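Understanding the architecture of this molecule
Spelled out from the first residue to the last, the chains are:
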Amino acid sequence: MYFLVIGCVQLDVFFPGLSPTHWSTTIGPLLIVLTINALKEMVDDYGRHKSDAMVNAREVDVVRVCDGTSKSSLTAHTTSWRQIRVGDLVRIKSGSEIPADVLLLDSSDAAKIAYVETANLDGETNLKVKSSPGVITHDANGSGGTALPSAEKVTEALKNARLECETPNNQLYKFEGKWLDNNSSTTTTLPLSVDNMLLRGSTLRNTKWALGLVIFTGGDSKLMRNATAAPVKKSRLEKHMNLLVLAVGVFQTLVGLILAGFQREWVWGQNLEVAADVDGSLSQQMRHWYLTPSNVWPDVEGANASTFFTQFVRFIVLLNALIPISLYVTLEFVKVVQCAWINFDR
C-alpha cells in the first residue's frame, strides 16, 4: 500500500509537477511484486480448483425404485457427487467416504447399524456407531448380506413420509429432526438425532453397505459449514521485515516534516518579500532568480501551510528509497524458488 500511494503521487495524471522523480521508479518494481504474487495465488487457486473437481467427480450409487412387469425392484445408478440432490437414496460401500449429510435408513448389519470413521471431521480415529431410526423393516435380504432391501420395503417406508429437521449449521455433534409417517390412520413420529446421521467427510468402516437419505448437500453440509478461508501465511522473516519497514516509514515521515520546516524557514529568511506577499505578485523580486516560481500549483513558493504540505509530500517521495522496494522483489523471488524446491521434494 505504501508503494502504491507513492506511485500515485508520482503520476502526473493525478498530481502534475508534484513529484521530483519519475513514476516508473516505483510503479515498475511494484508491478513485478504484484505480478509474482498474482502468479503464486493463481497456481494455488488452480490447485484448489483441481482438488475440488476431483472430490466432486467421485462416484456414488444412487438407488431408484423401478417398476417391473411382475414386481418393483431397486436399481443402483452410479453418479458423481456433484449430481447428488436432497432426497436421493444413496448406497455407500465399505471404505467409501460419505458424499453428503445422510440419514441412515438401513445397512448390511442385522441390527441396522453402521460404523464410521470421523478423522476428517474431528481427528478421532475411533469408529463411531450410527444407527437407523427403524424406518425400513428388515427382511431376508438385509440380514448381513450384500443385497439391498426389497423395493416393497423401501416404497412402504417412504410413501407418504415426511422429514422435518433443523436448518443447515456447523454443529457436528448436534442434529434435531423427526420422521413423520402418514401411512397409517395416525401419524407416527420418530425422533432423529446425530446418532442417525452419516456426515459428509466421514468414512464407512466394517459395514458392507449403508442405505441413506440425503439431507444436506454441498455447502449446506456440516463439513462445508465448518470450512474456513485459506489462511494468509507469513514467515517470521516477513513479519520482522514489516516491523522494520514501519519503523523506517515513521523515520521518513519525521525527516520529511523537518526538511519541510527548514524549507519554510529558508523562504522566510532569504526571501522576505515573498513571505510578505504570498499571492505571487512579488515573485519576480526573489533574490535567487533561478528559483522564481511559475505561480502554478504545485510550483508555488511561499510560507503558508499549503506550501509546507506540498514540500512535505515532495520530500516523502524523494526519500522513498529509504524503504527499498527491491527488498520485496528479492523476497518474492526467494519464496518462489523455495516453493519450487518444496514441490521437487514430493
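Since the structure is predicted, the reported quantities are computational estimates derived from the model, not experimental observations.

The rules behind the values
Residues numbered from 1 in each chain as written. Predicted model: local features only at pLDDT ≥ 70, side-chain atom pairs only at ≥ 80, totals over all residues. Heavy atoms only, no water. Helix = DSSP H or I, 4+ residues; strand = E, 2+ residues; numbered from the N terminus. Buried < 20%, exposed > 50% of the residue type's maximum accessible area, 1.4 Å probe, protein only. Contact = heavy atoms within 4.5 Å. Patch = residues over 30% accessible without salt bridge, like charges linked within 9 Å, V, L, I, M, F, W, Y side chains within 5 Å. Areas by Shrake-Rupley, 256 points an atom, 1.4 Å probe, with all protein chains shown as cover. Salt bridge = Lys/Arg side-chain N within 4 Å of Asp/Glu carboxyl O. Expected span 1.5 Å × (residues − 1). Arc of directions from axis to C-beta.

With that settled, the discussion passes to the side chain of K335. With respect to the helices and strands, the residue K335 is situated in helix α9 (residues 325-345). On the accessibility criterion, K335 (19% relative accessible area) is buried. Leaving out residues up to four positions away in the same chain, K335 has contacts with K40 and E238.

With that settled, the discussion passes to a nonpolar patch on the surface. On the surface, L246, V250, L254 and L257 cluster together to form a nonpolar patch covering roughly 360 Å² of accessible area. With respect to the helices, strands and loops of the structure, V250 is situated in helix α6 (residues 236-270). Relative accessible area serves as the criterion here: at 47%, V250 is assigned to the partly exposed category.

Moving on, we get to α9. Because an α-helix completes one turn every 3.6 residues, residues spaced three or four positions apart along the sequence face the same direction. Compared with an ideal rise of 1.5 Å per residue, which puts 21 residues at 30 Å, α9 spans 31 Å between its outermost C-alpha atoms and is within 8% of the ideal. Taken together, the buried positions of α9 are occupied by I325, Y328, V329, L331, E332 and K335. The buried residues of α9 all sit within an arc of 165 degrees when viewed along its axis, so they share a single face. Opposite its buried face, α9 presents the exposed residues W341, F344 and D345, each directed more than 90 degrees away.

Counted according to the given criterion, the structure contains 15 salt bridges. Here E166 ties to K222 by a salt bridge, and the two come within 3.4 Å at their closest N and O atoms. Here E166, found in the loop between β7 (161-165) and β8 (177-181), pairs with K222, found in helix α5 (residues 222-225); they are 56 residues apart in sequence, far enough to count as distant. Just as E166 is buried, K222 falls in that class too. Between R225 and D220 there is a salt bridge, and its shortest N-O distance comes to 3.2 Å. Here R225 falls in the partly exposed class, since its relative accessible area comes to 38%.

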